[in-house]
Amino acid sequence: MSRIVVITSGKGGVGKTTTAASLAAGLARAGHRTAVVDFDVGLRNLDLVMGCERRVVFDFVNVINGDARLNQALIKDKRLSNLSILPASQTRDKDALTPDGVERVLDELRADFDYVICDSPAGIERGAHLASYHADDAIVVTNPEVSSVRDSDRVLGLLASRTRRAEQGDDPVREHLLLTRYDPQRVKKGDMLSVEDVQEILAINLLGVIPESQSVLNASNAGIPVVLEDGEDAGQAYNDAIARYLGEDRPHRFLQAERRGLFGRMFGG
Amino acid sequence: MKAMGIADYFRERRRSRRGSASVAKERLQIIVSHERAERGGPDYLPMLRQELLEVVRRYVTVDPDAVRVDVERDGPHEVLELNITLPERMEEGAQR
(Lines give C-alpha, C1' and ligand atoms only; values in the text may rest on other atoms or scores of the structure.)
Protein backbone atom coordinates (compact mmCIF):
# COMPACT_ATOMS: atom_id res chain seq x y z
CA MET A 1 0.00 0.00 0.00
CA SER A 2 1.65 3.21 -1.12
CA ARG A 3 1.63 6.39 0.95
CA ILE A 4 1.47 10.04 0.02
CA VAL A 5 3.58 12.27 2.25
CA VAL A 6 3.33 16.06 2.17
CA ILE A 7 6.23 18.22 3.31
CA THR A 8 4.65 21.42 4.56
CA SER A 9 5.26 24.37 6.88
CA GLY A 10 3.24 27.45 6.06
CA LYS A 11 6.28 29.66 6.38
CA GLY A 12 8.81 29.81 3.58
CA GLY A 13 12.53 29.21 3.85
CA VAL A 14 12.39 26.76 6.74
CA GLY A 15 13.71 23.74 4.82
CA LYS A 16 10.79 22.08 3.03
CA THR A 17 12.60 21.41 -0.22
CA THR A 18 15.77 20.28 1.57
CA THR A 19 13.60 17.91 3.59
CA ALA A 20 11.63 16.66 0.57
CA ALA A 21 14.87 15.91 -1.28
CA SER A 22 16.41 14.13 1.70
CA LEU A 23 13.31 12.16 2.66
CA ALA A 24 12.90 10.98 -0.93
CA ALA A 25 16.56 10.02 -1.28
CA GLY A 26 16.58 8.32 2.13
CA LEU A 27 13.47 6.25 1.41
CA ALA A 28 14.84 5.27 -2.00
CA ARG A 29 18.15 4.26 -0.45
CA ALA A 30 16.23 2.13 2.06
CA GLY A 31 14.88 0.20 -0.93
CA HIS A 32 11.49 1.86 -1.43
CA ARG A 33 10.28 3.00 -4.84
CA THR A 34 9.94 6.72 -4.30
CA ALA A 35 8.73 9.69 -6.33
CA VAL A 36 9.08 13.30 -5.22
CA VAL A 37 6.79 15.93 -6.71
CA ASP A 38 7.49 19.68 -6.73
CA PHE A 39 4.18 21.53 -6.17
CA ASP A 40 5.76 24.98 -6.15
CA VAL A 41 4.37 26.07 -9.52
CA GLY A 42 6.16 29.13 -10.84
CA LEU A 43 9.19 28.65 -8.62
CA ARG A 44 10.80 25.37 -9.57
CA ASN A 45 13.57 24.49 -7.10
CA LEU A 46 13.48 20.86 -6.12
CA ASP A 47 15.29 19.87 -9.35
CA LEU A 48 18.13 22.21 -8.41
CA VAL A 49 18.45 20.91 -4.87
CA MET A 50 18.46 17.34 -6.24
CA GLY A 51 20.97 18.17 -8.96
CA CYS A 52 18.86 17.28 -12.00
CA GLU A 53 17.95 20.77 -13.22
CA ARG A 54 19.53 20.25 -16.62
CA ARG A 55 17.53 17.13 -17.32
CA VAL A 56 14.08 18.72 -17.03
CA VAL A 57 12.16 18.29 -20.28
CA PHE A 58 8.51 18.11 -19.25
CA ASP A 59 6.93 19.08 -15.95
CA PHE A 60 3.94 18.50 -13.67
CA VAL A 61 1.68 20.91 -15.58
CA ASN A 62 2.59 19.35 -18.94
CA VAL A 63 1.38 16.02 -17.57
CA ILE A 64 -1.83 17.52 -16.19
CA ASN A 65 -2.56 19.21 -19.52
CA GLY A 66 -1.87 16.02 -21.46
CA ASP A 67 1.14 17.51 -23.28
CA ALA A 68 3.35 14.75 -21.93
CA ARG A 69 2.94 11.34 -20.36
CA LEU A 70 3.96 10.92 -16.73
CA ASN A 71 6.85 8.67 -17.75
CA GLN A 72 8.21 11.34 -20.06
CA ALA A 73 8.18 13.96 -17.29
CA LEU A 74 9.61 11.84 -14.47
CA ILE A 75 13.38 12.25 -14.09
CA LYS A 76 15.21 9.18 -12.85
CA ASP A 77 17.81 10.02 -10.23
CA LYS A 78 21.37 9.16 -11.31
CA ARG A 79 22.44 8.03 -7.84
CA LEU A 80 19.45 5.96 -6.77
CA SER A 81 17.69 3.80 -9.33
CA ASN A 82 14.32 3.69 -7.53
CA LEU A 83 14.04 7.46 -7.09
CA SER A 84 12.18 9.71 -9.54
CA ILE A 85 11.53 13.44 -9.58
CA LEU A 86 8.54 15.25 -11.06
CA PRO A 87 9.58 18.88 -11.50
CA ALA A 88 7.29 21.89 -11.07
CA SER A 89 6.25 24.03 -13.97
CA GLN A 90 7.62 27.55 -14.28
CA THR A 91 4.36 28.91 -15.67
CA ARG A 92 3.08 32.06 -14.04
CA ASP A 93 -0.50 30.84 -14.26
CA LYS A 94 -1.29 29.93 -10.68
CA ASP A 95 -4.36 27.98 -11.73
CA ALA A 96 -2.24 25.59 -13.79
CA LEU A 97 -2.62 22.86 -11.18
CA THR A 98 -6.22 21.65 -11.17
CA PRO A 99 -7.66 19.47 -8.41
CA ASP A 100 -8.68 16.79 -10.92
CA GLY A 101 -5.31 16.91 -12.66
CA VAL A 102 -3.41 16.56 -9.38
CA GLU A 103 -5.60 13.65 -8.33
CA ARG A 104 -5.04 11.86 -11.64
CA VAL A 105 -1.26 12.26 -11.50
CA LEU A 106 -1.05 11.20 -7.85
CA ASP A 107 -3.20 8.14 -8.55
CA GLU A 108 -0.88 7.19 -11.37
CA LEU A 109 2.19 7.70 -9.16
CA ARG A 110 0.60 5.67 -6.38
CA ALA A 111 0.34 2.71 -8.72
CA ASP A 112 4.08 2.73 -9.48
CA PHE A 113 5.70 3.92 -6.25
CA ASP A 114 5.71 2.99 -2.56
CA TYR A 115 6.07 6.59 -1.43
CA VAL A 116 5.00 9.78 -3.16
CA ILE A 117 6.56 12.83 -1.52
CA CYS A 118 4.78 16.14 -2.19
CA ASP A 119 6.96 19.21 -1.72
CA SER A 120 4.44 21.92 -0.81
CA PRO A 121 4.90 25.58 -1.66
CA ALA A 122 4.95 28.04 1.25
CA GLY A 123 1.71 29.68 2.34
CA ILE A 124 -1.75 28.23 2.74
CA GLU A 125 -3.11 29.05 -0.69
CA ARG A 126 -4.13 26.91 -3.61
CA GLY A 127 -0.77 25.24 -4.28
CA ALA A 128 -0.24 24.32 -0.63
CA HIS A 129 -3.81 23.07 -0.38
CA LEU A 130 -3.42 20.84 -3.44
CA ALA A 131 -0.10 19.48 -2.17
CA SER A 132 -1.59 18.41 1.14
CA TYR A 133 -5.10 17.44 0.03
CA HIS A 134 -4.31 13.78 -0.77
CA ALA A 135 -1.75 13.26 1.98
CA ASP A 136 -1.68 10.19 4.22
CA ASP A 137 1.22 11.59 6.25
CA ALA A 138 2.42 15.13 6.80
CA ILE A 139 5.86 16.26 7.83
CA VAL A 140 5.58 19.75 9.27
CA VAL A 141 8.94 21.46 8.95
CA THR A 142 9.43 24.05 11.66
CA ASN A 143 12.23 26.37 12.79
CA PRO A 144 12.57 27.16 16.50
CA GLU A 145 11.29 30.68 15.91
CA VAL A 146 7.93 32.35 16.67
CA SER A 147 6.54 32.94 13.18
CA SER A 148 7.45 29.47 11.98
CA VAL A 149 5.83 27.76 14.98
CA ARG A 150 2.66 29.81 14.61
CA ASP A 151 2.43 29.04 10.89
CA SER A 152 2.98 25.36 11.59
CA ASP A 153 0.04 25.39 13.98
CA ARG A 154 -2.17 26.95 11.31
CA VAL A 155 -1.05 24.30 8.84
CA LEU A 156 -1.95 21.61 11.37
CA GLY A 157 -5.44 23.12 11.56
CA LEU A 158 -5.78 22.85 7.78
CA LEU A 159 -4.49 19.28 7.73
CA ALA A 160 -7.21 18.40 10.23
CA SER A 161 -10.01 20.05 8.26
CA ARG A 162 -9.23 20.56 4.59
CA THR A 163 -7.69 17.29 3.41
CA ARG A 164 -9.35 14.38 1.65
CA ARG A 165 -9.03 12.28 4.78
CA ALA A 166 -10.72 14.98 6.88
CA GLU A 167 -13.50 15.56 4.36
CA GLN A 168 -14.25 11.88 3.94
CA GLY A 169 -14.06 11.13 7.63
CA ASP A 170 -11.18 8.65 7.23
CA ASP A 171 -8.38 8.26 9.76
CA PRO A 172 -6.73 11.67 10.12
CA VAL A 173 -3.50 12.57 8.34
CA ARG A 174 -0.55 11.38 10.44
CA GLU A 175 1.33 14.48 11.50
CA HIS A 176 5.05 14.58 12.24
CA LEU A 177 7.18 17.45 13.46
CA LEU A 178 10.62 18.01 11.98
CA LEU A 179 12.51 20.77 13.74
CA THR A 180 15.22 22.24 11.51
CA ARG A 181 18.03 24.80 11.90
CA TYR A 182 18.33 23.86 15.58
CA ASP A 183 21.21 25.46 17.44
CA PRO A 184 21.74 23.77 20.84
CA GLN A 185 24.24 26.44 21.84
CA ARG A 186 21.64 29.18 21.54
CA VAL A 187 19.00 27.03 23.21
CA LYS A 188 21.33 26.55 26.15
CA LYS A 189 21.82 30.31 26.39
CA GLY A 190 18.05 30.76 26.43
CA ASP A 191 17.95 32.62 23.12
CA MET A 192 16.19 29.95 21.09
CA LEU A 193 13.04 27.89 21.69
CA SER A 194 14.00 24.39 22.76
CA VAL A 195 12.71 21.23 21.12
CA GLU A 196 10.60 20.66 24.26
CA ASP A 197 9.07 24.15 23.97
CA VAL A 198 8.06 23.61 20.35
CA GLN A 199 6.73 20.14 21.06
CA GLU A 200 4.67 21.45 23.97
CA ILE A 201 3.06 24.10 21.77
CA LEU A 202 2.40 22.01 18.66
CA ALA A 203 1.74 18.73 20.47
CA ILE A 204 2.53 16.33 17.62
CA ASN A 205 4.95 13.45 17.23
CA LEU A 206 8.58 14.54 16.95
CA LEU A 207 10.17 12.90 13.93
CA GLY A 208 13.56 14.52 14.27
CA VAL A 209 15.72 17.55 14.94
CA ILE A 210 18.10 18.75 12.24
CA PRO A 211 20.95 20.86 13.59
CA GLU A 212 21.86 24.17 11.99
CA SER A 213 24.73 23.10 9.81
CA GLN A 214 26.97 24.36 7.05
CA SER A 215 26.61 20.95 5.41
CA VAL A 216 23.00 21.73 4.37
CA LEU A 217 24.14 24.67 2.26
CA ASN A 218 27.13 22.75 0.93
CA ALA A 219 24.90 19.89 -0.17
CA SER A 220 22.36 22.12 -1.91
CA ASN A 221 25.19 24.04 -3.59
CA ALA A 222 26.34 20.74 -5.06
CA GLY A 223 22.84 19.41 -5.86
CA ILE A 224 23.08 16.48 -3.45
CA PRO A 225 20.32 15.62 -0.95
CA VAL A 226 22.05 16.22 2.38
CA VAL A 227 20.87 12.85 3.71
CA LEU A 228 23.42 11.22 1.38
CA GLU A 229 26.25 13.03 3.21
CA ASP A 230 26.78 10.31 5.81
CA GLY A 231 29.72 12.03 7.45
CA GLU A 232 27.79 15.20 8.27
CA ASP A 233 25.63 15.90 11.34
CA ALA A 234 22.65 17.11 9.28
CA GLY A 235 22.88 14.06 7.02
CA GLN A 236 22.91 11.73 10.03
CA ALA A 237 20.00 13.59 11.62
CA TYR A 238 17.95 13.22 8.43
CA ASN A 239 18.89 9.55 8.28
CA ASP A 240 17.65 9.05 11.84
CA ALA A 241 14.41 10.89 11.10
CA ILE A 242 13.75 8.69 8.06
CA ALA A 243 14.46 5.54 10.06
CA ARG A 244 11.94 6.74 12.66
CA TYR A 245 9.43 7.45 9.93
CA LEU A 246 9.85 3.84 8.82
CA GLY A 247 9.10 2.68 12.35
CA GLU A 248 12.57 2.30 13.83
CA ASP A 249 13.20 3.51 17.36
CA ARG A 250 16.24 5.77 17.42
CA PRO A 251 17.36 8.17 20.14
CA HIS A 252 17.51 11.85 19.20
CA ARG A 253 21.01 13.22 18.63
CA PHE A 254 22.52 16.68 18.23
CA LEU A 255 20.31 18.18 20.94
CA GLN A 256 23.10 19.10 23.34
CA ALA A 257 25.54 21.94 22.93
CA GLU A 258 29.10 20.80 22.31
CA ARG A 259 31.31 21.29 25.30
CA ARG A 260 33.50 24.28 24.72
CA GLY A 261 36.50 25.47 26.68
CA LEU A 262 36.76 28.86 28.34
CA PHE A 263 38.45 30.29 25.27
CA GLY A 264 35.66 29.13 22.99
CA ARG A 265 33.01 30.45 25.37
CA MET A 266 34.55 33.89 25.55
CA PHE A 267 35.22 34.34 21.86
CA GLY A 268 32.83 31.93 20.19
CA GLY A 269 29.80 34.23 20.59
CA MET B 1 36.09 49.78 20.04
CA LYS B 2 37.45 48.99 23.49
CA ALA B 3 37.39 45.39 24.53
CA MET B 4 34.71 44.41 27.05
CA GLY B 5 35.82 44.61 30.66
CA ILE B 6 35.70 41.52 32.85
CA ALA B 7 32.83 42.95 34.93
CA ASP B 8 30.85 43.85 31.80
CA TYR B 9 31.41 40.39 30.44
CA PHE B 10 29.90 38.73 33.48
CA ARG B 11 27.04 41.22 33.68
CA GLU B 12 26.25 40.58 30.03
CA ARG B 13 26.35 36.84 30.63
CA ARG B 14 23.97 37.04 33.55
CA ARG B 15 21.49 39.11 31.56
CA SER B 16 21.49 36.74 28.60
CA ARG B 17 20.93 33.81 30.95
CA ARG B 18 17.26 34.70 31.20
CA GLY B 19 17.09 34.77 27.41
CA SER B 20 14.34 35.69 25.00
CA ALA B 21 13.18 32.11 24.40
CA SER B 22 10.89 32.09 27.43
CA VAL B 23 9.19 35.26 26.17
CA ALA B 24 8.78 33.65 22.76
CA LYS B 25 7.22 30.57 24.29
CA GLU B 26 4.76 32.56 26.37
CA ARG B 27 3.64 34.71 23.43
CA LEU B 28 3.27 31.64 21.23
CA GLN B 29 1.17 29.78 23.75
CA ILE B 30 -1.24 32.72 23.96
CA ILE B 31 -1.61 33.37 20.24
CA VAL B 32 -1.81 29.70 19.30
CA SER B 33 -4.53 28.94 21.83
CA HIS B 34 -6.45 32.01 20.63
CA GLU B 35 -6.21 30.91 17.01
CA ARG B 36 -7.20 27.37 17.85
CA ALA B 37 -10.34 28.61 19.58
CA GLU B 38 -11.29 30.52 16.44
CA ARG B 39 -10.82 27.43 14.37
CA GLY B 40 -13.52 25.65 16.30
CA GLY B 41 -16.21 28.01 14.95
CA PRO B 42 -19.82 26.98 14.23
CA ASP B 43 -20.43 24.13 11.78
CA TYR B 44 -22.36 26.26 9.29
CA LEU B 45 -19.32 28.46 8.56
CA PRO B 46 -17.96 26.45 5.61
CA MET B 47 -21.44 26.36 3.99
CA LEU B 48 -21.97 30.04 4.61
CA ARG B 49 -18.57 30.71 3.10
CA GLN B 50 -19.33 28.60 0.06
CA GLU B 51 -22.65 30.28 -0.60
CA LEU B 52 -21.20 33.74 -0.15
CA LEU B 53 -18.45 32.77 -2.57
CA GLU B 54 -21.05 31.74 -5.14
CA VAL B 55 -22.90 35.03 -4.80
CA VAL B 56 -19.70 37.06 -5.10
CA ARG B 57 -18.69 35.02 -8.14
CA ARG B 58 -21.85 36.05 -9.98
CA TYR B 59 -20.33 39.50 -10.16
CA VAL B 60 -16.57 39.14 -9.80
CA THR B 61 -14.15 36.31 -10.56
CA VAL B 62 -12.38 35.59 -7.30
CA ASP B 63 -10.21 32.82 -5.88
CA PRO B 64 -11.85 30.06 -3.82
CA ASP B 65 -9.82 31.45 -0.91
CA ALA B 66 -10.96 35.02 -1.44
CA VAL B 67 -13.88 34.81 0.97
CA ARG B 68 -12.98 34.54 4.63
CA VAL B 69 -15.50 34.10 7.39
CA ASP B 70 -14.30 34.20 10.98
CA VAL B 71 -16.05 34.25 14.30
CA GLU B 72 -14.46 36.41 16.98
CA ARG B 73 -15.48 35.95 20.57
CA ASP B 74 -15.59 39.10 22.61
CA GLY B 75 -16.92 38.41 26.08
CA PRO B 76 -20.59 37.34 25.75
CA HIS B 77 -20.73 38.53 22.12
CA GLU B 78 -19.79 36.71 18.96
CA VAL B 79 -18.77 38.82 16.01
CA LEU B 80 -19.01 37.41 12.51
CA GLU B 81 -16.21 38.86 10.48
CA LEU B 82 -16.50 38.69 6.71
CA ASN B 83 -13.57 39.40 4.43
CA ILE B 84 -13.70 39.32 0.64
CA THR B 85 -10.50 39.89 -1.28
CA LEU B 86 -11.17 41.21 -4.79
CA PRO B 87 -8.73 40.64 -7.65
CA GLU B 88 -6.07 43.30 -8.02
CA ARG B 89 -7.59 44.74 -11.19
CA MET B 90 -11.38 44.51 -11.33
CA GLU B 91 -11.70 44.83 -15.15
CA GLU B 92 -9.38 41.92 -15.71
CA GLY B 93 -11.26 39.79 -13.22
CA ALA B 94 -14.64 40.51 -14.78
CA GLN B 95 -13.48 39.70 -18.32
CA ARG B 96 -12.23 36.23 -17.53
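Overview of the structure. (Residues numbered from 1 in each chain as written. Chains lettered and ligands numbered in written order. Predicted model: local features only at pLDDT ≥ 70, side-chain atom pairs only at ≥ 80, totals over all residues. Heavy atoms only, no water.)

**Considering the overall build of chain A**
Part 1 of the argument: When helices and strands are tallied, chain A shows 13 helices and eight strands.
Part 2 of the argument: Since a compact globule built from 269 residues should have a radius of gyration of about 18 Å, the 18 Å found for chain A is in line with a globular shape.
Part 3 of the argument: If you line up chain A on its principal axes, its C-alpha atoms span 65 × 40 × 35 Å.
Part 4 of the argument: Residues classed as buried in chain A amount to 52% of the 269 residues present.
Part 5 of the argument: Taking as baseline every contact in chain A between residues at least 6 positions apart, the subset at least 24 positions apart corresponds to 72%.
Part 6 of the argument: Per element, the accessible surface of chain A, about 12200 Å² overall, is 46% carbon and sulfur.
Part 7 of the argument: Taking the average location of the 33 positive side-chain charges in chain A and that of its 40 negative ones, the two points are 3 Å from each other. (Helix = DSSP H or I, 4+ residues; strand = E, 2+ residues; numbered from the N terminus. Rg over C-alpha atoms; globule rule 2.2 N^0.38 Å. Buried < 20%, exposed > 50% of the residue type's maximum accessible area, 1.4 Å probe, protein only. Contact = heavy atoms within 4.5 Å. Areas by Shrake-Rupley, 256 points an atom, 1.4 Å probe, with all protein chains shown as cover. Lys, Arg positive; Asp, Glu negative; His and termini not counted. Charge placed at Lys NZ, Arg CZ, Asp CG, Glu CD.)

**Focus: the side chain of S22 of chain A**
Part 1 of the argument: One can find S22 of chain A in helix 1 (residues 16-29).
Part 2 of the argument: Non-local contacts of S22 of chain A, meaning those with residues more than four positions away in its chain, are made with P225, V226, V227, Y238 and I242 of chain A.

**Topic: the nonpolar core**
All names here are of chain A.
Part 1 of the argument: In this structure, F39, F60, L86 and L109 are the most contacted members of the largest nonpolar core, which totals 48 residues.
Part 2 of the argument: What L86 contacts, discounting residues up to four positions off in sequence, is V36, V37, D38, D59, F60, V63, L70, A73, L74 and V105.
Part 3 of the argument: The next biggest cluster of nonpolar side chains, apart from the first, holds 37 residues, and it includes L46, C52, A237 and A241. (Core = buried A, V, L, I, M, F, W, Y, C linked by side-chain atoms within 4.5 Å.)

**A look at the environment of D77 of chain A**
Residues and elements named next belong to chain A.
Part 1 of the argument: Assignment of secondary structure puts D77 in the loop between strand 3 (75-76) and strand 4 (83-86).
Part 2 of the argument: Residue class for D77 comes out buried when judged on its relative accessible area of 9%.
Part 3 of the argument: Discounting residues that sit within four places of it in the chain, D77 has contacts with M50, L83 and I85.
Part 4 of the argument: Polar side-chain contacts of D77 include one of 2.7 Å to the backbone nitrogen of R79. (Polar contact = N/O pair within 3.5 Å; in protein donor to acceptor, adjacent residues only side chain to side chain.)

**Quick word on the pattern of salt bridges**
All names here are of chain A.
Part 1 of the argument: Under the counting rule described, the total for this entry stands at 19 salt bridges over all chains.
Part 2 of the argument: The closest approach of N and O atoms between D137 and R3, which form a salt bridge, is 2.9 Å. Of the two residues, D137 sits in strand 6 (residues 137-142) while R3 sits in strand 1 (residues 3-8), which places them 134 residues apart along the sequence.
Part 3 of the argument: We classify D137 as buried; its relative accessible area is 1%.
Part 4 of the argument: Ionic pairing is found between R29 and D230, a salt bridge with its closest N-O pair at 3.3 Å. With R29 in helix 1 and D230 in the loop between helix 11 (214-222) and helix 12 (233-245), this pair connects stretches of sequence that are 201 residues apart.
Part 5 of the argument: Look at R29 and you get partly exposed, because its relative accessible area is 34%. (Salt bridge = Lys/Arg side-chain N within 4 Å of Asp/Glu carboxyl O.)

**A word on helix 6 (residues 126-133) of chain A**
One turn of an α-helix holds 3.6 residues; hence residues three or four places apart share an orientation.
Part 1 of the argument: For helix 6 of chain A, the full list of buried residues reads A128, L130, A131, S132 and Y133 of chain A.
Part 2 of the argument: Where helix 6 of chain A is buried, its residues meet strand 1, helix 5 (99-112), strand 5 (115-119), helix 7 (146-161) and helix 8 (164-167) of chain A.

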